[in-house]
Amino acid sequence: MSLRALSIDDIESLAVGAWILGTGGGGNPYLPLLNMRALYKEGHRVQLMPAADLADDDLVAGAGGMGAPLVGAERMGDPHTLTRAVRVMEAHIKRNFAALMSVEIGGGNGVRPLMAAALMKLPVVDSDPMGRAYPEGQMSSTAIGGLAPCPISLVDVRGLESIVHSTPNAKWTERVARKICIEYGSTATMCTPPRTGAEIKKWGIHGTTTKAIRIGEAVRRAQRLHEDAVAAILAAEHGVLLFRGKVIDVARRVTEGYLRGVLRVDGVDEFRGAALRIDFQNEWIVAYRDEQPLAMSPDLICVLDTVSGEAVGSETIRYGQRVTVIALPPPAIFLTPKGLEHVGPRAFGYDLDFRSVFA
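Residues numbered from 1 in each chain as written. Predicted model: local features only at pLDDT ≥ 70, side-chain atom pairs only at ≥ 80, totals over all residues. Heavy atoms only, no water.

Novice: Would you mind showing me how to read the sheet that holds strand β12 (residues 240–255) here?
Specialist: Consider a sheet: its strands pair through backbone hydrogen bonds, and that pairing is either parallel or antiparallel. Judged by pairing direction, the sheet is antiparallel, and its seven strands sit side by side in the order β16-β15-β14-β13-β12-β18-β17 without closing on themselves. Both edges of this open sheet fall to β16 (292–296) and β17 (300–305), since each of them pairs with a single strand only. The average undirected angle you get between the axes of adjacent strands in this sheet is 35°. Relative to strand β15 (residues 283–289), strand β14 (residues 275–281) runs antiparallel, the two being bridged by six bridges. Counted as the bridge partner of glutamine 281 is glutamate 283 from β15. Packing against the sheet, helix α10 (residues 229–237) makes contact with β12, β17 and β18 (322–328), and its axis sits at approximately 0° to β18. (Pairing = 2+ DSSP bridges. Helix = DSSP H or I, 4+ residues; strand = E, 2+ residues; numbered from the N terminus. Axes fitted to C-alpha atoms, helices over the stretch in contact; angles between N-to-C directions. Contact = heavy atoms within 4.5 Å.)

Quick look at the structure:
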């Protein structure tokens, strides 16, 4: 088995890269990063493993958080609560897990499984089912593959525990789990349906933790050398520059367990005189330049601080910030007809045919 020991420097880079892949959502990785710094100071360590090393009958747990990012920043999660979500699932299925995995590599959920892995002494699989962050559970490669939508466990810091045992499909699992999450206060810690090694190898999006570390390393290197960090991301990931400007308005509200709203940016430099609007549901979903569609899911729309190159989340972006908006290529599975049914603009209620900026 080819395990990679993750250093705390790797995890620092992972947090930066996962925040960029979060496309505005997934929760700020800073709080999970603080937890990892504390765990490493206590002597805990985490190892990363490729999905190819899983035995077909191994069971893998997806460990992470659900809810509105704004609420998650106020009610902070911790390694023990996340571990409890995994243990509740083990008790429910009467089997132990061989490894953990991100529920989505984007945002704080890209770092959270490491918190439980450190305490449980389990490896983390270098894969996830989204390749970014998405607001709903059925927006995943495992749902596209038709894998079992249940069971899912949800817990919170007050000791509440729930199991969604049976639903007809992933959309129903999302609806029921979201209602539980709202009752918990619009934030919960969860363990997604157990997946076998064979299922992960077939339907996982692979190498995503390594990808996030690579993006974070590019940003941090550019910062140390006082180079253009945004240009470093574009070069490393074959991205496209969409817009550069100043935030002039943010309207957001927490509703139905999501953070929804609209971001408006006035252009600067070569974009002076133009305006950008981005609609978001936790994540940046559709961008309009001068009210014409510019970029949309599943292309990754990333809003970055123009100076640092680091991501700005939908819950933290504010008036007056100078931002650069880029697009990164999506995982291939989301570009298939079935993939677009799950994550294309119509899946979010927009009467738009998907058009990629990479076409």
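Next, the rest of the story.
Novice: Help me understand unusual backbone geometry in this model?
Specialist: With the exception of glycine, most residues fall at negative phi, and the peptide bonds are largely trans. Cis geometry is found at the peptide bond from cysteine 150 to proline 151, where omega equals 0°. Geometrically, the link from serine 297 to proline 298 is a cis peptide bond, its omega value of 15° lying close to zero. Structurally, the position occupied by proline 298 is in the loop between β16 and β17. Of note in the backbone geometry, aspartate 269 takes a positive phi value of approximately 55° without being a glycine. Following the sequence through the fold, aspartate 269 ends up in the loop between β13 (258–267) and β14. When its relative accessible area of 49% is taken as the criterion, aspartate 269 is described as partly exposed. (Buried < 20%, exposed > 50% of the residue type's maximum accessible area, 1.4 Å probe, protein only.)

Novice: When you look at the nonpolar core in this model, what are you seeing that I'm missing?
Specialist: The nonpolar side chains of a soluble globular protein tend to be buried, and buried together. One finds Ile20, Met36 and Val46 to be the most contacted residues of the largest nonpolar core, which totals 52 residues. Discounting residues that sit within four places of it in the chain, valine 46 has contacts with Arg4, Ala5, Leu6, Met36, Tyr40, Leu114, Ala117, Ala118 and Val124. Core analysis: the second largest hydrophobic core is formed by 21 residues, Ala274, Phe280, Val303 and Ala327 among them. (Core = buried A, V, L, I, M, F, W, Y, C linked by side-chain atoms within 4.5 Å.)

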